Amino acid sequence: MVFKTPLCDLLNIEYPLIQGAMAWIAGGRLASAVSQAGGLGVIGAAGAEASWLKGEIDLVRQLTDKPFGVNLMLAAANIEHLVEIIINEKVPVVTTGGGNPGRYMEALKNAGIKVIPVVASVALAKRLSRLGADAVIAEGTESGGHVGAMTTMCLVPMVLMP
Ligand SMILES: Cc1cc2nc3c(=O)[nH]c(=O)nc-3n(C[C@H](O)[C@H](O)[C@H](O)COP(=O)(O)O)c2cc1C
């Protein structure tokens, strides 16, 4: 059975699956395998050198012609440099973790990049939606340590509420 959702159309992918970014684990090899299989593979850029990120983007493009993403952890010391690489490389999708990516939204959107921030609160989901986020990933406290106190089961319906 083919399970298409609006996310498939938004990201031009076959299945509505976004691979969770994992710093130091999810490089170009994993991201390209997920994208090639029909989901959205995501390179975890957190804390990495910009030159590493450029190499992993090149690797994905050698291994697949499908869309892929890069995840930015917003506390990264070299975040400006990572954003510059992503824009220069015209990476199709950016996901963000660890806070509010508001200050990068305009530059990323102007470069034609789809932006999907991880949000841990309704307030941040609304703010980023106003700033042009293409979608949000609502993650509760059980999702890995970088988020707030609310659980995913409570957060998701609240984010979806009009
Ligand atoms: C080892 C590890 C590293 C992670 N690194 C990142 C990261 O760099 N950026 C990020 O936004 N989320 C990171 N996460 C969170 C995951 O992308 C994902 O959102 C989280 O694990 C919830 O998904 P799950 O329930 O499928 O595990 C990491 C998770 C794990 C387990």
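Further up the page is the structure itself.
Presented here is a report on the structure given in the accompanying data block. (Residues numbered from 1 in each chain as written. Predicted model: local features only at pLDDT ≥ 70, side-chain atom pairs only at ≥ 80, totals over all residues. Heavy atoms only, no water.)

## Some remarks on the environment of Ile 116
Move 1: With respect to the helices and strands, the residue Ile 116 is situated in strand β4 (residues 114–119).
Move 2: For the pair Ile 116 and Leu 128, spaced 12 residues apart in sequence, the C-alpha to C-alpha distance is 9.2 Å.
Move 3: Excluding residues within four positions of it along the chain, Ile 116 makes contact with Leu 11, Ile 18, Val 93, Val 94, Thr 95, Thr 96, Ala 135, Val 136 and Ile 137. (Helix = DSSP H or I, 4+ residues; strand = E, 2+ residues; numbered from the N terminus. Contact = heavy atoms within 4.5 Å.)

## A look at the packing of helix α4 (residues 79–88) against helix α5 (residues 102–110)
Move 1: Where α4 contacts α5, the axes come no closer than 10 Å and their chain directions differ by 20 degrees. As far as their axial angle goes, α5 and α4 are roughly parallel. Considering only the axes of α4 and α5, their crossing is right-handed. Residue-level contacts link Ile 79, Glu 80, Val 83, Ile 86 and Ile 87 of α4 to Arg 103, Tyr 104, Ala 107 and Leu 108 of α5.
Move 2: Its residues assigned to classes, the contact of α4 with α5 comprises 7 nonpolar, no polar and 2 charged. (Axes fitted to C-alpha atoms, helices over the stretch in contact; angles between N-to-C directions. Parallel < 35°, antiparallel > 145°, perpendicular 65-115°, else oblique. Left-handed = near helix turned anticlockwise from the far one by under 90°. Nonpolar A, V, L, I, M, F, W, Y, C, P; charged D, E, K, R; others polar.)

## As for the packing of helix α3 (residues 50–63) against α4
Move 1: Relative to each other, α3 and α4 sit at 25 degrees, their axes nearing to 9 Å. Viewed along their axes, α3 and α4 adopt a mutual orientation that is roughly parallel. In the packing of α3 onto α4, the handedness of the crossing is right-handed. For the pair formed by α3 and α4, the contact residues are Ala 50, Leu 53, Lys 54 and Ile 57 on the first element and His 81, Leu 82, Ile 85 and Ile 86 on the second.
Move 2: Residues that form the contact of α3 with α4 fall into these classes: 6 nonpolar, 1 polar and 1 charged.

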